[in-house]
Amino acid sequence: MSEHDRGMTAPLLSDEPEHEPFVRSLDALGRWRAALEERVRDLARFLGEHGLLDENAEGLLDSLRQRLAGEKLVVAFVAEFSRGKSELINAIFFADAGRRIMPASPGRTTMCPVELGWEPEDVPGLALLPIETRLEGASLAELRGQPQLWHREPIDVGDPASFAHALDAVRDVRSASLDEARQLGFWSDEQPADNPPMLADGQVEIPRWRHALINVPHPLLKRGLVVLDTPGLNAIGAEPELTVGLLPSAHVVVFVLGADTGVTRSDLEIWRDHLTSQALTRYVVLNKIDALVDPLSPPEHSLAQIAAQCEQVARTLELPTERVFPLSARQALAGRVSGDAVALAESRLPALEQALAQQLLPERRTVLERMTLDAMAAIREQVQRGLLDLRRQLAEQTQELEGLRGKNGGKVQLLLQRVGAETAEFEQCTAQIQALRVVHARSLKAAMTTLSGEALRGHVDAMIGEIRDSFLKLGARRSYTQLFDALRAVLGMAQHQSGELRELLTAACNRLNGEFGFSLMVPTEPDLAHCRDDLALIERNYVQYLGLTQAVRLAQPRFLEQFRRMLMSRLRVVFEGASGEIELWSRTVSGQIDAQLRERRKAFKRRRESLERIRAAAGELDTRLAELQAQDQRLATAEVRLQSLHDRVRRAATRHELALPSDFSPLAVRPPASVPEPAAAASQVVTPDHA
Ligand SMILES: Nc1nc2c(ncn2[C@@H]2O[C@H](COP(=O)(O)OP(=O)(O)OP(=O)(O)O)[C@@H](O)[C@H]2O)c(=O)[nH]1
Ligand SMILES: [Mg+2]
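Residues numbered from 1 in each chain as written. Chains lettered and ligands numbered in written order. Predicted model: local features only at pLDDT ≥ 70, side-chain atom pairs only at ≥ 80, totals over all residues. Heavy atoms only, no water.

Asker: I'm lost on the overall build of the chain in this one. Help?
Answerer: In terms of regular secondary structure, the chain is built from 23 helices and 11 strands. Within the span of the chain, comprising 691 residues, buried residues form 50% of the whole. Long-range contacts, defined as pairs at least 24 residues apart, comprise 83% of the intrachain contacts of the chain with a sequence gap of at least 6. Carbon and sulfur atoms provide 54% of the accessible area of the chain, an area that totals close to 31100 Å². (Helix = DSSP H or I, 4+ residues; strand = E, 2+ residues; numbered from the N terminus. Buried < 20%, exposed > 50% of the residue type's maximum accessible area, 1.4 Å probe, protein only. Contact = heavy atoms within 4.5 Å. Areas by Shrake-Rupley, 256 points an atom, 1.4 Å probe, with all protein chains shown as cover.)

Written out as structure tokens, the structure reads:
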């Protein structure tokens with residue numbers, strides 16, 4: 001059946017998500033995140049309304065909410081040409097459209113990486129980055145922020161036929177002169193085997209686009225899933241960005257093989273060159289098992305053949321057999337579209353979906369849960385301290401006023417003098433605080449310089465220089481290892497500097513607490529161990545580009561430059577993260593000082609004002625005391641409410657019903673479009689918390 005001859009059979013992207021296993025589990029994760037995000041928002045709003053949200057806690061809550069709401073889950077499909085990646089994506093994600101959405105039939109090769117996702121700020125549509133942008137050397141990440149460079153086409157999401165038609169653009173090619181093809185990286189005189197065939201007029205065919213972004217409000221994409229469809233090997237080789245940038249940042253890679261071809265040499269090359277990193281969660285699909293069915297042999301025969309082939313694949317790729325999924329994407333798509341449960345079961349796609357649902361989502365959840373609980377603990381401590389401080393001041397003031405009952409005007413005058421003297425005494429702290437600020441800023445700056453972008457660039461450029469100059473690129477691997485040793489030392493240095501800063505701050509704060517009655521507390525400096533882990537991960541991820549077999553590519557200035565940019569952008573994230581943590585931590589201390597200073601001054605002012613009012617009218621005393629009591633009551637209520645808001649966040653975070661829906665069955669099949677399915681399981685997973 002061709003792409004365009006099928007009518008609209010079901011609404012695409014209906015808000016009621018299709019209840020396939022993977023869909024349901026992802027949906028549950030999405031709901032869990034949304035519920036949690038809402039609880040965090042409640043808490044933030046409450047803290048804000050009660051003036052309990054200092055800058056630091058606000059930053060913490062903001063970034064937590066952003067990650068809960070916005071973090072993407074990237075699943076990449078990688079393979080040699082024509083193994084069935086696009087068809088597999090259709091079967092898993094777009095069967096509810098009732099037709100084939102991604103182009104996937106003979107001769108309809110995907111020519112550029114295609115990223116499917118949903119950004120609600122943008123309209124549904126297709127954005128295509130022209131291939132010529134490669135000449136400028138800017139990385140994809142940089143170009144994402146430049147909308148004027150992208151060619152845009154809106155998509156009518158209500159119409160699957162026009163949606164599928166728009167996606168045809170990912171197959172676009174154009175002809176180019178040999179020179180241009182060379183410059184764009186599609187023609188290599190050294191490795192002619194991968195070159196595109198030459199046309200009659202001496203030109204060659206190259207992809208028209210460098211990257212395609214498809215923005216559609218698909219139920220899964222709306223919940224933060226990003227699907228990456230990649231073109232075959234040739235294009236992978238020509239687009240270092242894909243392998244250096246996009247694949248390492250994917251959370252899961254699905255590597256597709258064809259049962260009709262087995263593991264070919266070029267399949268193995270892709271696997272070895274790009275997918276051996278231990279950091280990736282990898283699944284292998286042995287697609288097209290329908291091709292192994294021989295009508296003349298008994299079915300057991302082809303089953304045994306499939307099993308044997310899986311064993312073989314697992315051995316060759318050095319993976320456990322459980323990670324190899326034999327299936328037929330074509331049969332699965334057909335089965336889903338026609339509502340044929342038997343065909344879907346025979347396709348064996350549900351086993352892959354089950355594995356993705358069961359292993360992947362709980363993993364992501366654990367990461368987010370830990371992050372939320374950590375943030376809650378930090379905020380709890382800060383806010384609690386602020387509240388305690390406020391209540392203590394109220395108690396002191398109440399006590400002072402209680403002492404005034406039945407006293408005469410002279411006594412009030414005396415108290416006013418005492419407040420004046422105490423204020424003056426207290427204000428002596430400002431000189432000390434000022435001096436502390438100067439030393440603090442200086443030490444912080446030293447740590448920031450250690451971790452700065454310039455320092456990082458210096459190290460990376462030195463390595464690139466060494467590689468560029470090294471004869472036959474023999475020393476590339478060594479320069480690379482040295483770079484990471486140097487970067488580890490940099491992190492160690494920053495850790496040491498922040499330790500020193502903590503000692504300095506602790507001593508100063510203890511003095512302020514002792515002399516002026518502050519209740520300052522310096523939290524432990526951030527532990528940069530996880531940054532070292534990130535560094536190790538990047539090191540492992542990219543080392544494969546420096547082997548001897550890569551010498552030819554390393555010799556290309558364009559590749560080396562892109563490699564440098566990619567490495568810089570990944571390392572920058574780690575270093576900026578580390579320096580951000582140190583800065584935030586150090587701000588909690590200066591923030592505390594500012595806040596307590598402000599509060600204390602306010603308290604002195606309040607004391608003075610209430611005494612003055614009492615002096616003016618004796619009857620004020622009782623009113624004032626009642627006011628103080630009411631204020632304290634409000635704070636006490638806030639404390640209780642805060643506790644319950646916190647508990648709600650924690651409960652929402654640790655809800656463990658995210659397991660698969662109870663009626664999960666790997667053989668679940670989409671019912672025909674006309675039969676409404678109860679929106680059961682997913683909504684039971686996270687019931688709104690009205691506590
Ligand atoms: N028999 C059979 N053919 C399949 C199956 N899945 C895909 N195909 C066919 O294999 C060919 C390639 O499928 P695609 O999905 O376009 O493959 P791809 O990996 O995206 O290929 P490129 O975009 O060229 O890299 C098409 O003709 C599909 O119809 C399957 O499960 N069984
Ligand atoms: Mg394809």
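That was the structure; now back to the text.
Asker: Can you help me understand the sheet that holds strand S2 (residues 114–117) in this one?
Answerer: Sheet strands pair by backbone hydrogen bonding; their relative direction is either parallel or antiparallel. If you trace the nine strands from one edge of the open sheet to the other, you get S4-S3-S7-S2-S8-S1-S9-S10-S11, paired in mixed fashion. Bordering the open sheet on either side are strand S4 (151–154) and strand S11 (324–326), each of which pairs with just one other strand. For this sheet, the mean angle separating the axes of adjacent strands, direction not counted, is 20 degrees. (Pairing = 2+ DSSP bridges. Axes fitted to C-alpha atoms, helices over the stretch in contact; angles between N-to-C directions.)

Asker: Would you explain the coordination of the magnesium ion (ligand 2) in this entry?
Answerer: In the first shell of the magnesium ion (ligand 2), the protein supplies Ser86 (OG) and Thr110 (OG1), at 2.1 Å from the metal. You can see Ser86 sitting in helix H3 (residues 85–93) and its partner Thr110 sitting in the loop between H3 and S2, a full 24 residues away along the chain. Judged by relative accessible area, Ser86 falls into the buried class, the value being 7%. (Donors = N, O, S within 2.8 Å, 3.2 Å for Na, K, Ca; no water.)

Asker: Just to check I follow, could you spell out the site of ligand 1 for this structure?
Answerer: Near ligand 1 you find 19 residues, and of these Lys85, Ser86, Glu87, Thr110 and Asp290 are the closest. Residue Ser82 places a main-chain N or O atom 2.9 Å away from an oxygen atom belonging to ligand 1. Side-chain polar atom of Ser86 to an oxygen atom of ligand 1: 2.8 Å apart, as the coordinates give it. Contributions of two or more residues to the shell around ligand 1 are made by H3 and helix H12 (329–338). (Near = heavy atom within 4 Å. Polar contact = N/O pair within 3.5 Å; in protein donor to acceptor, adjacent residues only side chain to side chain.)

Asker: Would you take a moment to explain the nonpolar core for this structure?
Answerer: As a rule of thumb, nonpolar side chains are buried together in soluble globular proteins. Within the largest apolar cluster, 145 residues are counted, with the highest numbers of intra-cluster contacts made by Leu88, Phe563 and Leu567. Counting residues per element, this core draws most heavily on helix H21 (residues 557–616), which supplies 17 residues. (Core = buried A, V, L, I, M, F, W, Y, C linked by side-chain atoms within 4.5 Å.)

Asker: Would you explain the pattern of salt bridges in this entry?
Answerer: Once their charged atoms are close, side chains differing in charge can pair, the charge on each being opposite to the other. Across all of its chains, the model carries 34 salt bridges by this definition. The salt bridge partner of Glu369 is Arg365, with a shortest N-O separation of 2.7 Å. Of the two residues, Glu369 and Arg365 both sit in helix H14 (residues 349–402), four residues apart, roughly one turn of that helix. Each member of the pair, Glu369 as well as Arg365, is classed as buried. Salt-bridge contacts for Arg488 lead to Asp485; the nearest nitrogen and oxygen are separated by 3.1 Å. A residue pair is termed a helical-turn pair when its members lie 3 or 4 positions apart in one helix, as Arg488 and Asp485 do in helix H18 (residues 476–516) at three residues. The structure contains a network of salt bridges with shared partners spanning Glu142, Asp461, Glu561, Arg564 and Arg565. (Salt bridge = Lys/Arg side-chain N within 4 Å of Asp/Glu carboxyl O.)

Asker: Even after reading the chapter, I still don't get the pairing of strand S1 (residues 73–78), so can you show me in this structure?
Answerer: On any regular strand, side chains alternate: one points to one face of the sheet, the next to the other face. Counting buried positions along S1 gives six out of six residues, so the element sits mostly inside the fold. Of the two faces of S1, the one carrying Leu73, Val75 and Phe77 and the one carrying Val74, Ala76 and Val78 are both buried. As defined by bridge partners, S1 adjoins strand S9 (residues 252–258) across four bridges and the pair is classed as parallel. The residue bridging Val75 from the neighbouring strand is Val252, located in S9.

Asker: How should helix H10 (residues 265–274) be read in this particular structure?
Answerer: An α-helical turn contains 3.6 residues, so any two residues separated by three or four positions project in the same direction. Residues Asp267, Leu268, Ile270, Trp271 and His274 constitute the buried set of H10. Projected down its long axis, H10 shows its buried positions confined to an angular sector of 165 degrees, all on one face. (Arc of directions from axis to C-beta.)

Asker: Is there a simple way to think about the side chain of Arg385 in this case?
Answerer: Looking at the element boundaries, Arg385 is found in helix H14. Contact partners of Arg385, with chain neighbours within four places excluded, come to Ser519, Met521 and Gln592.

Asker: Would you mind showing me how to read helix H19 (residues 529–542) here?
Answerer: Over its 14 residues, H19 runs 20 Å from end to end, which matches the ideal 20 Å to within 8%, given 1.5 Å per residue. Regarding H19, the residues found buried are Cys531, Leu535, Ile538, Glu539, Asn541 and Tyr542. Seen along its axis, H19 keeps its buried residues to an arc of 165 degrees; they face one direction. (Expected span 1.5 Å × (residues − 1).)

Asker: Can you help me understand a nonpolar patch on the surface in this one?
Answerer: A cluster of nonpolar side chains, Phe471, Leu472 and Leu474, forms an exposed patch at the surface whose accessible area comes to about 370 Å². Along the polypeptide, Leu474 turns up in the loop between helix H17 (453–469) and H18. Classification of Leu474 as exposed rests on a relative accessible area of 53%. (Patch = residues over 30% accessible without salt bridge, like charges linked within 9 Å, V, L, I, M, F, W, Y side chains within 5 Å.)

Asker: Mind showing me how you'd approach unusual backbone geometry here?
Answerer: Glycine aside, a negative phi is what most residues show, and trans is what most peptide bonds show. In the Ramachandran plot, Ser82 falls in the positive-phi region, its phi being about 60 degrees despite a non-glycine side chain. By the element assignment, Ser82 lies in the loop between S1 and H3. Looking at Ser82, the relative accessible area reads 52%, which means it is exposed. Of note, the phi angle at Lys288 is positive, near 70 degrees, even though the residue is not glycine. For Lys288, a relative accessible area of 25% corresponds to the partly exposed category.

Asker: Quick question: what am I supposed to make of the packing of H17 against H18 here?
Answerer: To characterise two packed helices, one gives the angle between the axes of the helices and the distance between these axes. In the contact formed by H17 and H18, the axes pass within 9 Å of each other and the chain directions differ by 165 degrees. Relative to H18, the element H17 is oriented roughly antiparallel. Of the two elements, H17 crosses H18, and the hand of that crossing is right-handed. In this structure, H17 uses Leu456, His459, Val460, Met463, Glu466 and Ile467 to contact H18, whose residues at the interface are Ala476, Ser479, Tyr480, Gln482, Leu483, Ala486, Leu487 and Val490. Residue classes in the contact of H17 with H18 are distributed as 10 nonpolar, three polar and one charged. (Parallel < 35°, antiparallel > 145°, perpendicular 65-115°, else oblique. Left-handed = near helix turned anticlockwise from the far one by under 90°. Nonpolar A, V, L, I, M, F, W, Y, C, P; charged D, E, K, R; others polar.)

Asker: Looking at this structure, how should I read the environment of Arg208?
Answerer: Following the sequence through the fold, Arg208 ends up in the loop between strand S6 (204–207) and strand S7 (209–215). Distance in space between the C-alpha atoms of Arg208 and Cys112 is 8.4 Å, their sequence separation being 96 residues. The contacts of Arg208, once residues within four sequence positions are left out, are Pro130, Ile131, Asp172, Val173 and Arg174.

Asker: I keep staring at the pairing of strand S3 (residues 125–130) and nothing clicks. Help me out?
Answerer: Counted residue by residue, S3 has six buried out of six residues, so it is predominantly covered. Alternating positions in S3 separate into two faces, Gly125, Ala127 and Leu129 on one and Leu126, Leu128 and Pro130 on the other, with burial throughout. Sheet topology note: the S3/S4 ladder contains four bridges and is antiparallel. Paired with Leu128 across the strands is His151, a residue of S4. Two elements, S3 and S7, share six bridges in a ladder whose sense is antiparallel. Following the sheet pairing, Pro130 is matched in S7 by Trp209.

Asker: How should I be thinking about the packing of helix H16 (residues 429–450) against H21 in this particular structure?
Answerer: Between H16 and H21, the least distance of the axes is 11 Å, while the angle of their chain directions is 170 degrees. For the element pair H16 / H21, the angle class is roughly antiparallel. Here Cys429, Thr430, Ile433, Leu436, Arg437, His440, Leu444 and Met448 of H16 come into contact with H21, specifically with Ser579, Ile582, Glu583, Ser586, Ser590, Ile593, Asp594, Leu597 and Arg601. Taken together, the residues that form the contact of H16 with H21 break down as eight nonpolar, five polar and four charged.

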